[in-house]
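What the coordinates show
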Amino acid sequence: MRADYTIKDDGALSEEQRLDHHWTENWKKIGNRRRSQWRIKVRPEYKVVRKFAPPAGRDVRVLDGGSGLGEWCILLRDLGYEPYGLDLSTPTIESLRREFPAMNFVREDIRATSFEDNFFDLYISWGTFEHFENGLTDCFKEAYRVLKPGGTLIISVPFYNQRLKEIDAKQGKPEKSGDNEFYQWRLEPHELSEDFKINGFDCKHVEPIYTREGIGRHLHHKYGIPYGNFTRFTSMALNPFANPNKFAHMLIGVAVKT
């Protein structure tokens, strides 16, 4: 695993308060605009969910851990599931409750939720488990508790890919200092698979995703090319020929509670 750090914000905030503030500000930057469903359906997470999720049904409960603006919950509802959205951003959850009073949105920490044991059939979480400095174990343990036996866990986490390993071999891994604070963990495929197993899950699938986005980051960080249309179209052109193990930005993993 490799830790990423960011510029320190407010040292007086607790980890939970810092994450609440971070994601609230993140959604503000995009005007709290949700993506349309067709945009979700072309993303790699959707393909994996459709392949490994249990069939939809009125009593098939799904937890979206780190639900953000609620777009996945809305999609899952429309597909026939019973979704529950959980997030640390207080204003975001309050807004979703006002907009969708018939849906289930809660402001809680995914490491310690109020849900009953063996409650969910499916648990999805995109880029959330990695944001706690003491590691991913507490997230996995809580996921195991709230999932039914045989329930499915599908998560994505940042990928410690070959490109970053080559950079770290030359410059050394990022280190914590007085000017920065922890942001996230990056994992290798075998580490994600092992985390599933040691926390009571049977790992079914792990793969790198978002190679195109990783190429864009490479162009920006190595060559100083600003993010924009040029990097977007260049990344799209290079994507079919790129090695995902070197450039992919994220990993997605699927496991079943044993």
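A short tour of the structure in this document, coming up. (Residues numbered from 1 in each chain as written. Predicted model: local features only at pLDDT ≥ 70, side-chain atom pairs only at ≥ 80, totals over all residues. Heavy atoms only, no water.)

**Considerations on the environment of Asn 245**
- Structurally, Asn 245 is set in helix α11 (residues 244-247).
- Considered as a pair, Asn 245 and Phe 120 are 125 residues apart in the sequence and their alpha carbons are 32 Å apart.
- In this structure Asn 245 touches Phe 159, Asn 161, Gln 162 and Pro 208, once residues within four positions along its chain are discounted. (Helix = DSSP H or I, 4+ residues; strand = E, 2+ residues; numbered from the N terminus. Contact = heavy atoms within 4.5 Å.)

**Comments concerning the nonpolar core**
- Judged by nonpolar contacts, the single largest core of 34 residues is most densely connected at Phe 115, Tyr 123, Phe 129, Phe 140, Leu 153 and Phe 196.
- At the level of elements, β3 (82-87), β5 (120-126), α6 (137-146), β6 (147-158), β7 (180-186), α8 (189-198), β8 (201-209) and β9 (250-257) are the ones that each hand at least two residues to this core.
- For Phe 129, the residues in contact, after removing those within four places along its chain, are Ile 110, Tyr 123, Gly 135, Leu 136, Cys 139, Phe 140, Ala 143, Leu 153 and Ile 155.
- With 20 residues, the next largest nonpolar core counts Ile 40, Tyr 46, Ile 154 and Ile 252 among its residues. (Core = buried A, V, L, I, M, F, W, Y, C linked by side-chain atoms within 4.5 Å. Buried < 20%, exposed > 50% of the residue type's maximum accessible area, 1.4 Å probe, protein only.)

**Thoughts on the packing of helix α9 (residues 211-223) against helix α10 (residues 229-238)**
- With their axes 8 Å apart at the nearest point, α9 and α10 run at an angle of 125° to one another. Accordingly, the angle class assigned to the pair α9 and α10 is oblique. The crossing of α9 and α10 is right-handed. Along its contact with α9, which presents Arg 212, Ile 215, Gly 216 and Leu 219, the element α10 presents Thr 231, Arg 232, Thr 234, Ser 235, Met 236 and Leu 238.
- Here the contact of α9 with α10 is composed, by residue class, of 4 nonpolar, 4 polar and 2 charged. (Axes fitted to C-alpha atoms, helices over the stretch in contact; angles between N-to-C directions. Parallel < 35°, antiparallel > 145°, perpendicular 65-115°, else oblique. Left-handed = near helix turned anticlockwise from the far one by under 90°. Nonpolar A, V, L, I, M, F, W, Y, C, P; charged D, E, K, R; others polar.)

**Considering the side chain of Asp 64**
- Relative to the elements of secondary structure, Asp 64 occurs in strand β2 (residues 61-65).
- No salt bridge is formed by the buried Asp 64, whose closest oppositely charged neighbour, Arg 35, lies at an N-O distance of 8.5 Å.
- Excluding its chain neighbours within four sequence positions, the residues that come into contact with Asp 64 are Trp 72, Cys 73, Tyr 84, Gly 85, Leu 86 and Ile 124. (Lys, Arg positive; Asp, Glu negative; His and termini not counted. Salt bridge = Lys/Arg side-chain N within 4 Å of Asp/Glu carboxyl O.)

By themselves these figures say nothing about function.
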